[in-house]
Amino acid sequence: MATTKDTIREVLRGVHSPELAGSVADVLEWVSACDGFVSLKLHAPGLGDSDSRRRAAAAARDALGIALPEAGEPLRSLIVEFVDHAGTVIQTERLSPGKGAGGGGAEPAPKASTAPASPAAAPPGGGGHRPIGGLQEPTPNPMAGVRHVIAVGAGKGGVGKSTIAVSLAVGLARRGHAVGLLDGDIYGPSLPTMLGLDAMEQIVMAGMLQPHLVHGVKAITIGKLVDPDKPLIWRGPMAHGAFKQLVEQTAWGELDYLIVDLPPGTGDVCLTLAQTLQLTGAVIVCTPQKVAQDDAVRAARMFQQLRIEVLGVVENMSYFIGDDGREYDIFGRGGAEVMAQRLGLPFLGAVPINMALRANCDSGEPLKNFDPRQSGGGALSASLESLVTTLEGQVALATLRQGKSKPTLTIS
Ligand code: ADP
């Protein structure tokens, strides 16, 4: 049976542009498709200026917008990255499906940007860490096109930090944002399972790790670079070096948000993160119990000491909805919210204990958590949507506070 990727390749064979000798399929380097989120990487030297690249991307969108729904798949969004001979992204086109495309009916809204030509960012020494095989020192700064870096941390393990990081990433991507997800939990990477990456190969192109495009998100994890059955024992400097490599030697392209799933606790990686990246802020995940709160308070203090703004606290496993439809406060619902209030931190929302959430995470299908039919009723999806909305608001406020954007006033 033809896969969606085969269909996409086939459709692109029929897409031509005056500047290209052959079809768009001939310059296609890489295609990824998941639940209607399609991403293409094109190396097309013939398309010499941004207008011709924009036209080619729009033609691909128009053709896919008709052909994919006919083949039984919607087209929810299309990201076309144009790369040069070294694999560096020179232009990114983000397109919504056109009218009549059957993928949401949005107006064609091409959003283009040309990657800024940033100076080489030579990373400082990795402190005893050997480079991951096949990787070279990066030349252009791969973080130049990333607008917001958000770290997701927790005081202790097992509170659902990775689950929340994945949910935020997928939730933001569902709203049309370009999102990256970095598994910084180098001691216990969960992303290979939670995103269903097991069968995927880690690709290195021009010395840069190519993120996996899954569920509309660009994801990278150390779990795909090391033996999954061996325990990951990192000394401080090695952890520092491995994390820096993941961040700096991944071809992120253009992103609105990069979500970083941190290791639990307050260790070396958090310090590296603060030193390496310009963060918009951090999210702290906590369960309602007192013991979890105490650790979360320590995590909040650490972020504050590192001058990383805490965007808010998430109370995970807040309550449980039984078969009788009643809500049970197993761990003491509201505990994390009270803690957030006590510390003067924003509260981002509460997520219930939900069996479908656990099952969808284990099977690598996080998008199902946003569908009430596949997540045991509407409570989970509503709570996740509300979390994403609140985070978007907190990011906007933090951006204003940090002087990265100016308020706008529209009078009509
Ligand atoms: P951490 O990253 O904090 O170690 P994980 O996100 O890996 O925690 O979650 C630990 C386990 O708990 C996973 O099996 C996950 O599916 C499950 N889990 C997390 N949050 C919930 C929830 N709200 N309801 C049910 N299971 C959950």
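Residues numbered from 1 in each chain as written. Predicted model: local features only at pLDDT ≥ 70, side-chain atom pairs only at ≥ 80, totals over all residues. Heavy atoms only, no water.

## Section: the overall build of the chain
When helices and strands are counted, the chain shows ten helices and 16 strands. Sorting the 412 residues of the chain into buried and exposed places 53% on the buried side. Within the chain, residue pairs in contact and separated by at least 24 positions form 70% of the contacts whose partners lie at least 6 positions apart. Carbon and sulfur atoms make up 53% of the accessible area of the chain, which totals about 17900 Å². (Helix = DSSP H or I, 4+ residues; strand = E, 2+ residues; numbered from the N terminus. Buried < 20%, exposed > 50% of the residue type's maximum accessible area, 1.4 Å probe, protein only. Contact = heavy atoms within 4.5 Å. Areas by Shrake-Rupley, 256 points an atom, 1.4 Å probe, with all protein chains shown as cover.)

## Overview of helix H1 (residues 4–13)
Within H1, the full set of buried residues consists of Ile8, Val11 and Leu12. Along the long axis of H1, the arc covered by the buried residues comes to 95°, so they all point the same way. (Arc of directions from axis to C-beta.)

## Digging into unusual backbone geometry
For histidine 215, which is not glycine, the phi torsion reads 50° and is therefore positive. Here histidine 215 is to be found in the loop between strand S10 (212–214) and strand S11 (217–221). Here histidine 215 falls in the buried class, since its relative accessible area comes to 7%. Located in the positive-phi region is arginine 307, a residue other than glycine, with phi close to 60°.

## Some words on helix H7 (residues 290–305)
The end-to-end C-alpha distance of H7, which contains 16 residues, comes to 23 Å, matching closely the 22 Å that a straight helix rising 1.5 Å per residue would cover. Considered for burial, the residues of H7 that qualify are Ala292, Gln293, Asp295, Ala296, Val297, Ala299, Ala300, Met302 and Phe303. Those residues of H7 that are buried are in contact with strand S6 (146–154), helix H6 (268–276), strand S13 (281–286), strand S14 (310–321) and helix H8 (335–343). (Expected span 1.5 Å × (residues − 1).)

## Focus on the site of the ligand
Near the ligand, the surroundings consist of 16 residues, among which Gly158, Lys161, Ser162, Thr163 and Pro352 are the closest. Take serine 162: an N or O atom from its main chain is 2.9 Å from an oxygen atom of the ligand. Secondary structure elements with two or more residues in the shell around the ligand: helix H3 (161–174), S14, strand S16 (347–353) and helix H9 (355–362). By residue class, the composition of the shell around the ligand is seven nonpolar, seven polar and two charged. (Near = heavy atom within 4 Å. Polar contact = N/O pair within 3.5 Å; in protein donor to acceptor, adjacent residues only side chain to side chain. Nonpolar A, V, L, I, M, F, W, Y, C, P; charged D, E, K, R; others polar.)

## Looking at the environment of aspartate 294
Here aspartate 294 is to be found in helix H7. Residue class for aspartate 294 comes out partly exposed when judged on its relative accessible area of 29%. Distance in space between the C-alpha atoms of aspartate 294 and glycine 155 is 7.9 Å, their sequence separation being 139 residues.

## Quick look at the pattern of salt bridges
Opposite charge on two side chains makes pairing possible when the charged atoms of those side chains draw close. Applying the stated criterion to the full structure yields 24 salt bridges. Between lysine 218 and glutamate 81 there is a salt bridge whose closest N-O contact spans 2.4 Å. Pair noted here: lysine 218 is in strand S11 and glutamate 81 is in strand S3 (residues 77–83), with a separation of 137 residues, a long-range link. Of the two residues examined, lysine 218 and glutamate 81, each falls in the buried class. Each of Arg94, Arg147, Glu254 and Asp256 takes part in a single network of salt bridges with overlapping partners. (Salt bridge = Lys/Arg side-chain N within 4 Å of Asp/Glu carboxyl O.)

## Quick look at the packing of aromatic side chains
Enumeration according to the criterion identifies zero aromatic pairs in this entry. Here the guanidinium or amino end of arginine 333 rests over the ring plane of tyrosine 319, the centre of that ring lying 3.8 Å away. (Phe/Tyr/Trp six-rings, centres within 6.5 Å; stacked < 30°, edge-to-face > 60°. Lys NZ or Arg CZ within 6 Å of the ring centre and 35° of its normal.)

## Digging into the side chain of serine 190
As for its position among the elements, serine 190 is in the loop between strand S7 (179–183) and helix H4 (191–194). With a relative accessible area of 19%, serine 190 lands in the buried category. In this structure the side chain of serine 190 is engaged in a polar contact, spanning 3.3 Å, whose partner is the side chain of serine 162.

## Thoughts on the environment of threonine 389
Within the secondary structure, threonine 389 sits in helix H10 (residues 378–401). Exposure remark for threonine 389: the relative accessible area of 43% places this residue in the partly exposed category. Between the C-alpha atom of threonine 389 and that of glycine 171, which follows or precedes it by 218 residues, the distance is 9.1 Å. A distance of 3.0 Å separates a polar atom in the side chain of threonine 389 from a polar atom in the side chain of arginine 175.

## Some words on the packing of H7 against H8
A packed helix pair is summarised by two numbers, namely the angle formed by the two axes and the spacing between the axes. For the pair H7 and H8, interaxial distance at closest approach is 10 Å and the crossing angle is 35°. Note that H7 runs across H8; the crossing there is right-handed. When H7 is examined against H8, the residues Gln293, Ala296, Val297, Ala300 and Arg301 are found in contact with a partner set consisting of Gly335, Ala336, Met339, Arg342 and Leu343. Here the contact of H7 with H8 is composed, by residue class, of six nonpolar, two polar and two charged. (Axes fitted to C-alpha atoms, helices over the stretch in contact; angles between N-to-C directions. Left-handed = near helix turned anticlockwise from the far one by under 90°.)

## With respect to the confidence of the model for the chain
Within the chain, residue pLDDT values average 82, and 83% of them lie at 70 or more. Note on residues 99–130: pLDDT is under 50 here. Beyond four places in sequence and across chains, it has 75 contacts. (pLDDT = per-residue confidence, 0-100.)

## Regarding the pairing of strand S12 (residues 255–261)
In terms of residue burial, S12 counts as a mostly covered element, since seven of its seven residues are buried. Bridge count for S6 against S12 is six bridges, and the pairing is parallel. In the strand pairing of S12, valine 152 is matched with aspartate 261. Here S7 pairs with S12 via five bridges, running parallel. In the sheet register, aspartate 183 faces S12, and the bridge partner there is aspartate 261. (Pairing = 2+ DSSP bridges.)

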